[in-house]
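Fold and geometry: a report
One-letter residues, chain by chain:
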Amino acid sequence: MIKYRLIAFLAVLLQLHCPTLGQPYPNYHADFVGIGEHGGDLKWWQTAAFYQIYPRSFKDSNGDGVGDLNGIAEQLPYLKELGITATWLSPIFTSPMADFGYDIANFTEIAPIFGTMADFEHLMEVAKKLDIKIILDFVPNHSSDECEWFRRSAARDPEFKDFYVWHPGRMENGNRHPPSNWISVFRGSAWQWHEGRQEFYLHQFVKKQPDLNYRNPKVRETMSNVLRFWLSKGVSGFRIDAVPHVFEIAPDNQNQYRDEPRNDWDNDPEDYGYLQHIYTKDQPETIDLVYSWRAVLDAFQKEHGGEDRILMAETYSPIDIVMQYYGNATAEGAQLPFNFLLISELSNSSNAHAYEGTVLKWLQHMPKGRTANWVLGNHDQPRVGSRLGRDRVDMLNMLTATLPGASVTYQGEELGMTNVWISWKDTVDPSACNTNPSIYEQYSRDPERTPFQWTNAQDAGFSNASKTWLPIAVDYKEVNVELERQKPLSHLNVFKQLWQLRKQSQTLQRGETEVKALSDAVLAVKRYLERDSTYLTLLNIYDGVETINLLQSFPDLPPQLKVVVVTERSQVKVGDLVNSTSLQLQPKDSLVLQTTSSYYSYATNGEARFLPVLGVYLWLAQVGLYLSNR
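So, how was this worked out
- Residues numbered from 1 in each chain as written.
- Predicted model: local features only at pLDDT ≥ 70, side-chain atom pairs only at ≥ 80, totals over all residues.
- Heavy atoms only, no water.
- Helix = DSSP H or I, 4+ residues; strand = E, 2+ residues; numbered from the N terminus.
- Buried < 20%, exposed > 50% of the residue type's maximum accessible area, 1.4 Å probe, protein only.
- Contact = heavy atoms within 4.5 Å.
- Areas by Shrake-Rupley, 256 points an atom, 1.4 Å probe, with all protein chains shown as cover.
- Salt bridge = Lys/Arg side-chain N within 4 Å of Asp/Glu carboxyl O.
- Expected span 1.5 Å × (residues − 1).
- Arc of directions from axis to C-beta.
- Polar contact = N/O pair within 3.5 Å; in protein donor to acceptor, adjacent residues only side chain to side chain.
- 1 Å grid on protein atoms, 1.4 Å probe; cavity = no way out; pocket = protein on both sides within 12 Å on 5 of 7 lines; lining within 4 Å.
- Points joined across faces, edges and corners; volume = space filled by probe spheres on them.
- Axes fitted to C-alpha atoms, helices over the stretch in contact; angles between N-to-C directions.
- Parallel < 35°, antiparallel > 145°, perpendicular 65-115°, else oblique.
- Nonpolar A, V, L, I, M, F, W, Y, C, P; charged D, E, K, R; others polar.
- Core = buried A, V, L, I, M, F, W, Y, C linked by side-chain atoms within 4.5 Å.
- Pairing = 2+ DSSP bridges.
- Phe/Tyr/Trp six-rings, centres within 6.5 Å; stacked < 30°, edge-to-face > 60°.
- Lys NZ or Arg CZ within 6 Å of the ring centre and 35° of its normal.

**Here we look at the overall build of the protein**
Secondary structure summary: the protein contains 17 helices and 25 strands in total. Taking all 630 residues of the protein together, 58% fall into the buried category. For the protein, the proportion of contacts with a sequence separation of at least 24, taken over those separated by at least 6, is 67%. As displayed, the protein offers around 26700 Å² of accessible surface, 50% of which is attributable to carbon and sulfur atoms.

**Brief notes about the pattern of salt bridges**
If you walk through the whole model with that rule in mind, you get 36 salt bridges. Measuring nitrogen to oxygen at the nearest pair gives 3.2 Å for the salt bridge that ties Arg228 to Glu221. Judged by its relative accessible area of 32%, Arg228 is partly exposed. Residues Asp556 and Lys526 are paired through a salt bridge, measuring 2.7 Å at the closest nitrogen-oxygen approach. On the criterion of sequence distance, the pair formed by Asp556 in the loop between α16 (550–553) and β20 (560–565) and Lys526 in strand β17 (residues 522–528) is long-range, its members being 30 residues apart. The structure contains a network of salt bridges with shared partners spanning Asp99, Asp380, Asp429, Arg445 and Arg449.

**Details of helix α5 (residues 217–231)**
The end-to-end C-alpha distance of α5, which contains 15 residues, comes to 21 Å, matching closely the 21 Å that a straight helix rising 1.5 Å per residue would cover. If you check which residues of α5 are buried, you get Val219, Met223, Ser224, Val226, Leu227, Trp230 and Leu231. In an axial view of α5, the angular spread of the buried residues amounts to 145°, which keeps them on one side of the axis. Its side-chain oxygen placed 2.9 Å from the backbone nitrogen of Lys218, Asn216 serves as the N-cap of α5.

**Let's talk about the layout of surface pockets**
Estimated volume of the largest pocket: approximately 850 Å³. Lining of the largest pocket is provided by 32 residues; of these, Val185, Phe186, Asp380, Gln381 and Arg445 occupy positions nearest its centre. When its volume is computed, the second largest pocket comes out at roughly 550 Å³. Lining of the second largest pocket is provided by 26 residues; of these, Met366, Arg370, Pro404, Arg510 and Gly511 occupy positions nearest its centre.

**Things to note about the packing of helix α2 (residues 69–82) against helix α3 (residues 117–130)**
Look at α2 against α3: their axes get within 9 Å of each other, and the N-to-C directions meet at 10°. In terms of their interaxial angle, α2 and α3 are classed as roughly parallel. Facing Leu69, Asn70, Ile72, Ala73, Leu76, Pro77 and Lys80 of α2, the residues of α3 in contact are Asp119, Phe120, His122, Leu123, Val126, Ala127 and Leu130. When its residues are assigned to classes, the contact of α2 with α3 shows 10 nonpolar, two polar and two charged.

**Some points on the nonpolar core**
One finds Tyr78, Leu136 and Phe238 to be the most contacted residues of the largest nonpolar core, which totals 95 residues. Of all the elements, helix α6 (residues 284–304) adds the most residues to this core, at eight residues. Apart from residues no more than four positions distant in its own chain, Phe238 is found in contact with Ile135, Leu136, Phe138, Leu227, Trp230, Leu231, Leu297, Ile310, Leu311 and Met312. Grouped together as the second largest cluster of nonpolar side chains are 28 residues, Leu341, Leu388, Met395 and Leu396 included.

**Regarding the environment of Asn480**
Considering the arrangement of structural elements, one finds Asn480 in the loop between α12 (430–433) and α13 (481–485). Under the relative-accessibility criterion, Asn480 is labelled buried at 1%. With 63 residues separating them along the chain, Asn480 and Met417 place their C-alpha atoms 8.4 Å apart. In this structure the side chain of Asn480 is engaged in a polar contact, spanning 2.7 Å, whose partner is the backbone nitrogen of Leu483.

**What about the pairing of strand β16 (residues 512–517)?**
Of the strand pairs in this sheet, β16 and β17 are connected by six bridges, and their pairing is antiparallel. Its bridge partner lying in β17, Val515 is registered against Val525. Hairpin connection of β16 to β17: four residues between the antiparallel strands.

**Some details on the side chain of Asp119**
Summarising the element assignment, Asp119 is placed in helix α3. Among the polar contacts made by the side chain of Asp119, one reaches the main-chain amide nitrogen of Thr116 at a distance of 3.0 Å. Here Asp119 is in contact with Leu69 and Asn70, once residues within four sequence places are set aside.

**Section: the packing of aromatic side chains**
Counted by the stated rule, this structure contains 34 aromatic pairs. Look at Tyr316 and Phe340: their rings are 4.0 Å apart centre to centre, the planes differ by 5°, and that puts the pair in the stacked class. You can see Tyr316 sitting in the loop between β12 (310–313) and α7 (319–324) and its partner Phe340 sitting in the loop between β13 (336–337) and α8 (341–344), a full 24 residues away along the chain. Judged by its relative accessible area of 30%, Tyr316 is partly exposed. Grouping aromatic residues by their ring pairs yields a cluster made of Phe107, Trp149, Phe150, Phe160, Phe163, Tyr164, Trp166 and Tyr201. Stacked on the ring of Phe554, the Lys or Arg Lys516 has its end atom at 5.0 Å from the ring centre. A cation over an aromatic ring shows up here: Lys526 above the ring of Tyr528, its NZ or CZ 4.9 Å from the ring centre.

See below:
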């Protein structure tokens, strides 16, 4: 009897010396923490999986060789299968397609090649049923030269006279020249002479894309009304195209524009890189303009209710400028200024230290309280498998799924689709067409825009047309949704497993982050959260077998970790326990590991709560001893 009472006394004493592990019954509720107390409720977009659809290439429903809205609606359940939160659609508006929809003739009308407004409304209904949010592409820098606004501006209509950036040019020795030396992104002068108006207009992209004049308040209000129109249709936000270009420097007191200085490293005077774009990009007014668009979205939400409507900003700018798009002390900006560092700073030869530096660059610059995001690819960049290697597709999807914040996946990256070689004859991208057959490949974006690969049937299941708008990849019979669904460790299924884990894990949604290069070859991302499991993502970036001691870098880890996600390169299986002191990674291997939680979870009053496992054992021991002595 005395022995039993002594054991019970020691158990109670242990609990008293370990207050963080639990409290003795009956006051155990004092130390319980609900999930909601880990920093409050998250907004839908803060941990979202975004998926970019390039409509021309996603799914053709009517056999014309071009994807369309009904094709998207038909295949939207596939996005649900992936675990996607929201999809961003590249432009679907009326356009002569000089730049495949980024030259808009009517900002509130659906392009016939994609369908009708009724088709769009049907897509919205399908998306709502599937709980997938729709994000539209907002193209504010320019319109098409076939836009009614431009036609009326060229005709000097008083309402539209200053809607665009016009200038009579410079007179030198009796000859008229463009107002400045500014160069278009798509080569050549950024100024185009208009015979009707007898003036030059600015176009930072192709000449059929005249720049809007945001120094005119009427332009700003008109474009804000475009946002309101689509918000009223139920969209959840906008991706803002080419944000840094929206403002250019104002003319001086003599109504002249300043020339931009040269770059010594570029000797082609027609090439965009020939100049330093200090007067045509990243002007301070641009930041405030984005803040004003955020105010439009917030005002709409205040009036109509519902969840957050968001802005995602395309910002290939220096990091200190990108961070300003988040907002400041007095104004909110874009919830997600796009993080392109994984695109711009990593190459096929980057080592783990470069990966670490790239990830930390964003996290360390990001203002407190803001949400990170990770973009691996888009319709303007070579595909991940072509840029960083086919054998790194899984590890990169693993990286973005387990880093904090939101991620953006370009259609097909979940399958491991790669760039397709396109001949000069089949090239349609204006960026390439404005060059010549000897150099077009370095400018073309067609290779990453080819049709999505659904099956091994004709046209990869994308269309039943005799010819698609771009050629189908030659490997479509080996890389497609239908086939990859059947392979447990295909790129597709690894992607699905990652996002299923992400949605189930409070640590991956809310936890702290530690990023370390364990060697030149191995990158580790540790995610941890008080009273929840810790996760460790490991990437072996190179071709050698790597053996690592995790406790040297993370001494608080337990001796063993459980494997929760693997790839086809892994020798371990899901559910295996691995030793923290001697873990072997195969070439280009990647894993997600998990600690066994030291807390027992239960529900009370509709809330999830946590009790330390050791505390549970001690309490049960006390009860057992008490009952045995009755």
